[in-house]
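# Tertiary structure, described
Chain residues, written in single-letter form:
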Amino acid sequence: MMPDRKSSLSSTLFDVVVIGAGVVGCAMARRFTLEGARVALVEKACDILDGASKANSAILHTGFDAPVGSIELDCIRKGAEEYRQIHQDMRLPLDAAGAYVVAWNDVEVARLDTLLEQAHRNGISNATLVGQTVLRDNEPHLSDRALAAISVPGEALIDPWSAPYAYLKQALQNGAEVFLKCEVTGGGFAGGEWQLETSRGVLNCRQVINCAGLYGDYVDQAVLGLSDFLITPRKGQFLIFDKAAASLLQAIILPVPTARTKGVVVCRTIFGNLLVGPTADEQQSRDEASTDTASLEGLMQAAIRIIPTLADMPITATYAGLRPATEQKEYRIIPRPDSNWITVGGIRSTGLSAALGIAQHVFAQYRDWGAAHEPLPDPRVPQANILAEQSARAWREGGQGDMICHCELVREAEIRQALTGPLAARSLAGLKRQTRVTMGRCQGFYCSARLTELTDGHFDIPLAKDIKHD
């Protein structure tokens, strides 16, 4: 039964509604907008990037270990290529750190030849084997247990949050609309048009793209009455070492991957810390993302085995994220041309790298169904928030107001800017992703009082009730 048109959230008949404002949804909204479609993006949370996209390793992968000939490989390569094309114009950081895939025992050494062959078949022709001497020369703080490695120079470090914010800002600046706190609950399709039922009213559109991440199967089930996959969340926990530890490493240190996971990574972050993680534990809850002592101690011991000096380094923060794993490792991009619906599900560890490529892939599918739009001739290009440690941060400039967060060097003007506009932070977590406030050594201990004043009336839950020293 079609919903009542009187409860419409918008009078616009959109060409496309994108469900879910994770990194893939943001990239999708941008791509379709640039191609000339009228786009709306709906997100059930009060801030974007509130699901799987809020926690990851922040690496721009090359796809060296992706399944040969897979959609995932194609999307990673196209996504990384587009990121490199746009990053300067949009002020998106790119640290060309490179990576070593390190073998720690004879079994893993024996697997390097096969992995290198796969990398070459995937088009990563500059991947090479390196021996222990070269590895130790380039990474002198690495444990003596490192036996050999594959060098992958194209792997890089990026900002996991400023990029998707910039993608969505570009969509909004060029005509897209975003509806937050807007959960899709059902819908009907007739005459080539969808009426999507949401918690805020009905949205009308011709095409739906489900990028709902951890809830992608639920959305398919709620609207279509079926889902081709089941999400089983995979929790990944991380340790963040103090910024003093970042000098211990130049390249990204990757393990020899298994069929199930890419394993525990050790790398610098674009923000000047050193990251270790993730773990990989399946669970049923799609919201519970707490850390536990045993897993964190295990990560700590793994980190020390890789870089022994880390035993003397303080840990600044711990956190956990959930990845939308399904029954299969492959991406679950499912086109349904008879109902103008495309599901984009099962995007796990490589989602940040592949997001722009996934958007290209889905738009090509949509175009092949006969949709015709004229690409925008001169689209507006937004500037991303500059949060990278080595970039021209706002705190260096005059007229930015008081220093609010002395650990992460966040000034008052950055806070106020993040509290305005269509993507204004509505929670402390959202404000962190836009400014990094409270994410340093003291975890908000010294700046929370002033931050409470600045955010008064802006957050759905007042800061005094939402402070979490994580």
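Counting from 1, residues in each chain are numbered in the order their sequence is written. Only residues with pLDDT of 70 or above have their local features reported here, since the model is predicted, and side-chain atom pairs are shown and tallied only from 80 upward, although totals for entire chains, interfaces and linings are computed over all residues. Excluded from the side-chain calculation are hydrogens and water; included are all heavy atoms of the structure.

## Considering the pattern of salt bridges
For clarity, the cut-off: Each salt bridge in this description consists of a side-chain nitrogen of Lys or Arg and a carboxyl oxygen of Asp or Glu lying within 4 Å of one another. Secondary structure counts use DSSP, requiring at least four H or I residues in a row for a helix and at least two E residues in a row for a strand, with both numbered from the N terminus.
Evaluated as defined, the whole model comprises 23 salt bridges. Of the charged contacts, one joins aspartate 15 and arginine 206 as a salt bridge, the two residues approaching to 3.1 Å between their closest N and O atoms. Taken together, the positions of aspartate 15 in strand β1 (residues 8–19) and arginine 206 in strand β11 (residues 201–210) put the pair 191 residues apart, joining distant regions of the chain. Two residues, arginine 332 and glutamate 327, come together in a salt bridge whose shortest N-O distance is 3.5 Å. Residues joined in a network through salt bridges with shared partners are Arg30, Arg31, Glu35 and Glu82.

## Regarding the side chain of arginine 336
Short version of the rule: Per-residue accessibility, obtained with a 1.4 Å probe over protein chains only, is compared with the maximum for each type, and a residue is labelled buried under 20%, exposed over 50%, and partly exposed between these values. Should any heavy atoms of two residues lie within 4.5 Å, those residues are counted as being in contact.
Here arginine 336 shows up in strand β18 (residues 332–336). Arginine 336 sits in the buried class, given a relative accessible area of 15%. The residues contacting arginine 336, other than those within four sequence positions of it, are Asp220, Leu224, Leu226, Asp228, Trp341, Thr343 and Trp369.

## Notes on the pairing of β11
This is how the line gets drawn: Two strands qualify as a pair provided that DSSP identifies no fewer than 2 bridges between them.
For β11, the tally of buried residues reaches 9 of 10 residues, placing the bulk of the element in the interior. As paired elements, β1 and β11 share 7 bridges and run parallel to each other. Opposite isoleucine 19, over in β11, you have asparagine 210 as the bridge partner. Of the pairings in the sheet, the one linking strand β10 (residues 193–198) to β11 comprises 5 bridges and is antiparallel in character. Bridge assignment links leucine 196 to a residue of β11, and that residue is leucine 203. Counted between consecutive antiparallel strands, the loop separating β10 from β11 contains 2 residues. Sheet topology note: the β11/strand β19 (residues 341–345) ladder contains 3 bridges and is parallel. When the bridges of β19 are listed, isoleucine 209 appears paired with isoleucine 342.

## A few points about the layout of surface pockets
Going by this rule: With a 1 Å grid laid over protein atoms only, a set of points is called a cavity when a 1.4 Å probe fits there but cannot get out and a pocket when it is open yet has protein on both sides within 12 Å along at least five of seven lines; lining residues have an atom within 4 Å of a point. Grid points are joined across faces, edges and corners, and a volume is the space filled by probe spheres set on the points. Just so you know the grouping, Ala, Val, Leu, Ile, Met, Phe, Trp, Tyr, Cys and Pro go in nonpolar, Asp, Glu, Lys and Arg go in charged, and all remaining residues, Gly too, go in polar.
Approximately 530 Å³ is the volume found for the second largest pocket. Along the wall of the second largest pocket there are 26 residues; nearest its centre are Lys169, Gln383, Ala384, Asn385 and Gln417. Elements represented by at least two residues in the lining of the second largest pocket include exactly α5 (162–173), α9 (412–418) and α10 (428–435). When the residues that make up the lining of the second largest pocket are grouped by side-chain class, the tally is 12 nonpolar, 9 polar and 5 charged.

## Focus on the pairing of β1
As judged from the 4 bridges shared by β1 and strand β2 (residues 39–42), these two strands associate in the parallel manner. Bridging across to β2, valine 16 finds its partner in valine 39.

## Details of the packing of aromatic side chains
Any aromatic ring pair is given by two values, namely how distant the centres are and how the planes are angled relative to each other. Note the threshold: Under the pairing criterion, centres of Phe, Tyr and Trp rings, with the six-membered ring standing for Trp, must be within 6.5 Å; the plane angle then separates stacked pairs below 30 degrees from edge-to-face pairs above 60, leaving the rest tilted. Both a distance and an angle decide whether a charge sits over a ring: NZ of Lys or CZ of Arg must be within 6 Å of the ring centre and within 35 degrees of the ring normal.
Counted according to the given criterion, the structure contains 10 aromatic pairs. Summarising the aromatic geometry, the rings of phenylalanine 363 and tyrosine 366 are spaced 5.8 Å apart at their centres and angled 45 degrees between planes, so their arrangement reads as tilted. Of the two residues, phenylalanine 363 and tyrosine 366 are both situated in helix α8 (residues 351–368); the distance of 3 residues between them amounts to about one turn of the helix. Considered together, phenylalanine 363 and tyrosine 366 belong to a single accessibility category, that of buried residues. Taken together, the ring pairs in this structure connect Phe32, Phe363 and Tyr366 into an aromatic cluster. Taking NZ or CZ as reference, lysine 44 lies 3.4 Å from the ring centre of tyrosine 215, over its face. One Lys or Arg, arginine 286, reaches over the ring of tyrosine 215 and ends 5.9 Å from the middle of that ring.

## Quick look at the nonpolar core
Rule in force here: By convention a nonpolar core is built from buried Ala, Val, Leu, Ile, Met, Phe, Trp, Tyr and Cys residues, the set being connected through side-chain atoms within 4.5 Å.
Membership of the largest hydrophobic core comes to 85 residues, with the highest contact counts inside it found for Met28, Phe32, Tyr167, Leu168, Val344 and Ile358. The dominant element in this core, judged by the number of residues it contributes, is α8, at 9 residues. Isoleucine 358 has contacts with Val24, Met28, Cys75, Tyr331, Ile333, Val344 and Ile347, leaving out every residue within four places of it along the chain. If you look at the next biggest cluster of nonpolar residues, it comprises 26 residues, including Trp104, Phe241, Leu249 and Ala251.

## Let's talk about the UniProt feature "domain: BFD-like [2Fe-2S]-binding" (unreviewed entry) in the protein chain
This is how it is decided: UniProt positions are given in the numbering used here, feature names are shortened, and annotations may be inferred rather than shown by experiment.
UniProt's entry tags residues 403–454 with the feature "domain: BFD-like [2Fe-2S]-binding" (unreviewed entry), counted in the numbering of this structure. Each end of residues 403–454 is marked by a C-alpha atom, and these two atoms are 13 Å apart; helix forms 42% of the span and strand 10%.

## Quick notes on α10
Counted residue by residue, α10 has 7 buried out of 8 residues, so it is predominantly covered. Every buried residue belonging to α10 is among Leu428, Gly430, Leu431, Lys432, Arg433, Gln434 and Thr435, and all of these are buried.

## Some words on the packing of helix α1 (residues 23–34) against α8
Short version of the rule: Angles run from 0 to 180 degrees between N-to-C directions of axes, and those axes are lines fitted to C-alpha atoms, restricted for helices to the stretch in contact. Geometric relationships in this document are graded by angle, where less than 35 degrees denotes roughly parallel, more than 145 denotes roughly antiparallel, 65 to 115 denotes roughly perpendicular, and other angles denote oblique. Crossing handedness is read from the near helix: turned anticlockwise from the far helix by less than a right angle, it gives a left-handed crossing, and turned clockwise, a right-handed one.
Where α1 contacts α8, the two axes come as close as 8 Å, and the packing angle between them is 45 degrees. For the element pair α1 / α8, the angle class is oblique. Considering only the axes of α1 and α8, their crossing is right-handed. Here α1 contributes Val23, Val24, Ala27, Met28, Arg30, Arg31 and Phe32 to the contact with α8, which in turn contributes Gly351, Leu352, Ala355, Leu356, Ile358, Ala359, Gln360, Val362, Phe363 and Tyr366. Grouping the amino acids of the contact of α1 with α8 by side-chain chemistry returns 13 nonpolar, 2 polar and 2 charged.

## Looking at the environment of serine 339
Relative to the helices and strands, serine 339 resides in the loop between β18 and β19. Since its relative accessible area comes to 17%, serine 339 is described here as buried. Separated by 275 residues in sequence, serine 339 and phenylalanine 64 have C-alpha atoms that sit 35 Å apart. Those residues in contact with serine 339, other than ones at most four positions away along the chain, are Phe189, Trp194 and Leu224.

## Some points on empty space enclosed by the protein
By the definition in use, this model includes 1 cavity of 30 Å³ or more. In this structure, the largest cavity encloses a volume near 40 Å³. His61, Phe64, Asp65, Leu254, Pro255, Pro257 and Lys262 are the residues that line the largest cavity. Class assignment of the residues belonging to the lining of the largest cavity gives a composition of 4 nonpolar, 1 polar and 2 charged.

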